[in-house]
Amino acid sequence: MVRAGLLVLPLIALAPAIAPADETSATDKLRILYSSRLTFTDGGLPLVTVQIMGRQRRVELRARGGVVVRPDGAGGSAIEADGGEAWTITAEEARPAEIRDWTVVETLAAGDAAGIAAALARWKARGLEPRAFELGTVFGTGGEVIDTREVQIAIDPVPAGEGAARAAEHARRFGVPAQVHEELVRRPTGTIVARSGGTTIRNAGVLWFAPRRPSETITVADVPTNTGGSQLVTGVEDRRYWGAVYVALDRDGSLVAANAVPEDKLLAGIVPAEMYPEAPAEALAAQAIAARTELLQKIGRRNLADPFLLCSTQQCQVYAGAGKEDPRTTRAIEQTRGIVLLRDGGGLVDARYSASCGGHGEDNDALWGGAPDPSLRGRPDAPAGGPARVTDANVGAFLDSGGDAWCARGPMDRMAKAHFRWTERVPADELTARVGAQYPGIGRVMALVPRQRGASGRVGALAIQGERGAATVRGDLPIRRLLGGLRSTLFEVRRDGDAFVFRGAGFGHGVGMCQLGAMGMAGAGKTHAQILAHYYRGTHLHRLY
Ligand SMILES: [Zn+2]
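Residues numbered from 1 in each chain as written. Predicted model: local features only at pLDDT ≥ 70, side-chain atom pairs only at ≥ 80, totals over all residues. Heavy atoms only, no water.

S.K.: An account of the overall build of the protein chain is needed here, citing residue identities and associated values.
M.R.: A count of helical and extended segments in the protein chain gives 14 helices and 29 strands. Taken against the 2.2 N^0.38 rule, which gives 24 Å for 545 residues, the C-alpha radius of gyration of the protein chain at 25 Å falls within 12% of a compact globule. Taken over the C-alpha atoms alone, the protein chain extends approximately 80 × 60 × 50 Å along its principal axes. Per-residue burial for the protein chain yields a buried fraction of 52% across its 545 residues. Considering only residue pairs separated by 6 or more positions, the protein chain has 69% of its internal contacts joining residues 24 or more positions apart. Summing over all exposed atoms, the protein chain offers an accessible surface of approximately 23300 Å²; the carbon and sulfur share of this is 51%. Distance between charge centroids for the protein chain: 2 Å, based on 64 positive and 60 negative side chains. (Helix = DSSP H or I, 4+ residues; strand = E, 2+ residues; numbered from the N terminus. Rg over C-alpha atoms; globule rule 2.2 N^0.38 Å. Buried < 20%, exposed > 50% of the residue type's maximum accessible area, 1.4 Å probe, protein only. Contact = heavy atoms within 4.5 Å. Areas by Shrake-Rupley, 256 points an atom, 1.4 Å probe, with all protein chains shown as cover. Lys, Arg positive; Asp, Glu negative; His and termini not counted. Charge placed at Lys NZ, Arg CZ, Asp CG, Glu CD.)

S.K.: Describe the environment of Arg100, listing the residues and the values that go with them.
M.R.: Counting through the fold element by element, Arg100 comes out in strand E7 (residues 98-109). Considering only alpha carbons, one finds Arg100 and Val185, 85 residues apart in sequence, at a separation of 6.9 Å. Residues in contact with Arg100, not counting those within four places in the same chain, are Arg131, Pro157, Val158, Ala160, His181, Glu182, Glu183 and Val185.

S.K.: Tell me about the coordination of the zinc ion, and please be specific about residues and values.
M.R.: The reference angle at a metal is 109.5 degrees if four donors form a tetrahedron and 90 or 180 degrees if six donors form an octahedron. Within the first shell, the zinc ion binds the protein through Cys357 (SG), Asp381 (OD), Cys407 (SG) and Cys514 (SG), at distances of 2.1 to 2.3 Å. Relative to the metal, the 4 donor atoms surrounding the zinc ion lie at angles of 102 to 115°, and the coordination shape comes out tetrahedral. (Donors = N, O, S within 2.8 Å, 3.2 Å for Na, K, Ca; no water. Tetrahedral: all angles 85-135°; square planar, octahedral: opposite > 155°, others 65-115°.)

S.K.: Tell me what's going on with the packing of helix H5 (residues 263-274) against helix H6 (residues 281-298), and back it up with residues and numbers.
M.R.: For the pair H5 and H6, interaxial distance at closest approach is 10 Å and the crossing angle is 120°. In terms of their interaxial angle, H5 and H6 are classed as oblique. When you trace H5 past H6, the crossing you get is right-handed. Residues Glu263, Leu266, Leu267, Val271 and Glu274 of H5 pack against Gln287, Ala288, Ala291, Arg292 and Leu295 of H6. Class assignment of the residues belonging to the contact of H5 with H6 gives a composition of 6 nonpolar, 1 polar and 3 charged. (Axes fitted to C-alpha atoms, helices over the stretch in contact; angles between N-to-C directions. Parallel < 35°, antiparallel > 145°, perpendicular 65-115°, else oblique. Left-handed = near helix turned anticlockwise from the far one by under 90°. Nonpolar A, V, L, I, M, F, W, Y, C, P; charged D, E, K, R; others polar.)

S.K.: Tell me about the environment of Ile218, and name the residues and values.
M.R.: With respect to the helices, strands and loops of the structure, Ile218 is situated in strand E16 (residues 218-224). For Ile218 and Asn259, which are 41 residues apart along the polypeptide, the C-alpha to C-alpha distance reads 9.6 Å. With near-sequence residues (within four places) excluded, Ile218 lies in contact with Leu61, Arg62, Ala63, Val67, Phe209, Ala210, Pro211, Arg239, Arg240, Tyr241 and Val245.

S.K.: I'd like to hear about the pairing of strand E15 (residues 206-211), residue by residue, with values.
M.R.: Judged by how many residues are buried, E15 sits mostly within the fold: 5 of 6 residues are covered. By the bridge criterion, 4 bridges tie strand E4 (residues 67-70) to E15 in an arrangement that is antiparallel. Bridge pairing in E15 links Val67 to Pro211. Alignment of E15 against strand E18 (residues 244-249), held across 4 bridges, turns out to be antiparallel. Counterpart to Leu207 in the pairing with E18 is Val247. (Pairing = 2+ DSSP bridges.)

S.K.: Lay out the sheet that holds strand E23 (residues 445-453) with the relevant residues and their values.
M.R.: The strand order across the open sheet built from 3 strands is E23-E24-E25, with neighbouring strands paired in antiparallel fashion. A strand with exactly one partner marks an edge of an open sheet, and here the two such strands are E23 and strand E25 (470-474). Neighbour to neighbour, the strand axes of the sheet diverge by 20° on average, direction disregarded. Looking at chain direction, strand E24 (residues 459-466) and E25 are connected through 5 bridges and run antiparallel. Counterpart to Ile464 in the pairing with E25 is Ala471.

S.K.: Describe helix H4 (residues 163-174), and please don't skip the residues or the numbers.
M.R.: Compared with an ideal rise of 1.5 Å per residue, which puts 12 residues at 16 Å, H4 spans 16 Å between its outermost C-alpha atoms and is within 8% of the ideal. Three or more residues of H4 are buried, namely Gly163, Ala167, His170, Ala171 and Phe174. Mapping the buried residues of H4 onto a view down its axis gives an arc of 110°, with all of them on the same face. Across from the buried face of H4, at angles greater than 90 degrees, the exposed residues are Arg172 and Arg173. Those residues of H4 that are buried lie in contact with E7, helix H3 (113-125), strand E11 (150-159) and strand E12 (180-186). The first or second residue beyond H4 is Gly175, which carries a positive phi of 65°. (Expected span 1.5 Å × (residues − 1). Arc of directions from axis to C-beta.)

S.K.: Describe the pairing of strand E2 (residues 46-56), listing the residues and the values that go with them.
M.R.: Burial analysis of E2 places 9 of its 11 residues in the buried class, the great majority of the element. Counted between consecutive antiparallel strands, the loop separating strand E1 (residues 39-40) from E2 contains 5 residues, among which Gly44 sits at a positive phi close to 90°. Bridge count between E2 and strand E19 (residues 255-262): 7 bridges; the pairing is antiparallel. Directly across from Gln56, in E19, lies its bridge partner Leu255.

S.K.: Hey, could you go over the packing of aromatic side chains for me, with residue numbers and the actual values?
M.R.: Evaluation of the coordinates by the stated rule reveals 8 aromatic pairs. Taking the centre distance of 5.3 Å and the plane angle of 90° together, the rings of Phe491 and Phe502 count as edge-to-face. A residue pair is termed long-range when its members are at least 10 positions apart, and Phe491 in strand E26 (residues 491-496) and Phe502 in strand E27 (residues 499-505) qualify at 11 residues. Residues Phe491 and Phe502 agree in their burial class; the two are buried. Through pairs of rings, three or more aromatic residues link up here, namely Phe40, Phe139 and Tyr545. Seen from the ring of Trp123, Arg126 lies directly overhead, with NZ or CZ sitting 4.3 Å from the centre. The ring of Trp242 carries the charged tip of Lys265 above its face, separated from the ring centre by 4.3 Å. (Phe/Tyr/Trp six-rings, centres within 6.5 Å; stacked < 30°, edge-to-face > 60°. Lys NZ or Arg CZ within 6 Å of the ring centre and 35° of its normal.)

And the structure:
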């Protein structure tokens, strides 16, 4: 609530009619930030909340022409400080959230009431106390109801941060993929305090900021530039944002800044980071539709314990705000406004994509476990076809071939070729040190044996034989990281003197659309509809809004 008594005189003179928000409505507004409900702009576009940065002791922001502060978000009362271009935001009396980590053991369709009841009974019979959590969201637009909901059956809650280790134990014991569900037991509480000049505004839990002039952006100071997987922050920069910025309490009681941004502005900031803006227009259109579909598919599926829908790290979608747009990608987003990929049987496609499949796409279940997705099957990525599966027996011949693959002949020629086929030499000493850090005691690495190749030949498990022991590393990213950042797990490996030599294909996981392949197809005159139909089978385009 706004404590009007703390507002200084010039502010009251500017905004005389500040009605103190009652406690219930403030709580409701806060609850919406944590819910998976999608709201829409007056223009009919989804309004998406994206994390800017978390774990901050203070947030500084400004806008040319001034900032309007709205304690309760759009529609609430507005406060304009006298000459208030710059604001400093801190938290007072903050208490952290209470979060519990559950191990997910099964995932079912939300409508499968009988299946959910049976799953709960099954895990209860094992002496556990399972719970069902609903994920995803449902919204109606353009005569179509989009329902992405599913139910996770989860067991054995532990305090936040301990879930990954516990999930790994259960994964070994029950043969399920290790997956954690975060349950928000209690939101963080505290007061957000914004100061500008002599003006101070306080509100419980959240404060909203918008530029006074709608054509301006809000600049947030000192946003960490390294938002990737590493904990290491390499630098900070000021970043600009369209729409509104709000500051709320992070889970540890510090501050989180987030951007409530219309879908088109968000996509315009995301797509240039995902595909070269110089790519052919039809490839950019395919990318825009895939990115829009994936964006909607992610709503309500992650960040369930956070006051925003999407985080902005590489695990989510890279989003660095305004000013990263390119006219060509922005045009592709406008031209495909509201268009998404639907399964022929209904529902949004899980529109995954990666840079280069290397000439053969991969199955979703080979990469991430779970049920096989009929629209994410790994197939040859070449007009003339190719082997149905890449195996230990034919991987050598596959790596020798493939010159006609779509991703081998993109217009971005040199880049496409560098990702299509590659060779990496890793000294045995270096590999021994890397392996030793994760698997102490196995000694000098003597041999590497690829196992569990998926449809594209990507390695699902890598057996490591050391002088004094052995280990097996599983999963696409863990294998690539252990080997020093290989482009993909589609490789064969041989010993050559004091080094291991990896000969491989592709860049990324290879599931869904191959982005360099999409450019190759567009360069050969294919339309975005043909490109998407090639990479996502059993799907069609549909305009949602
Ligand atoms: Zn490809």
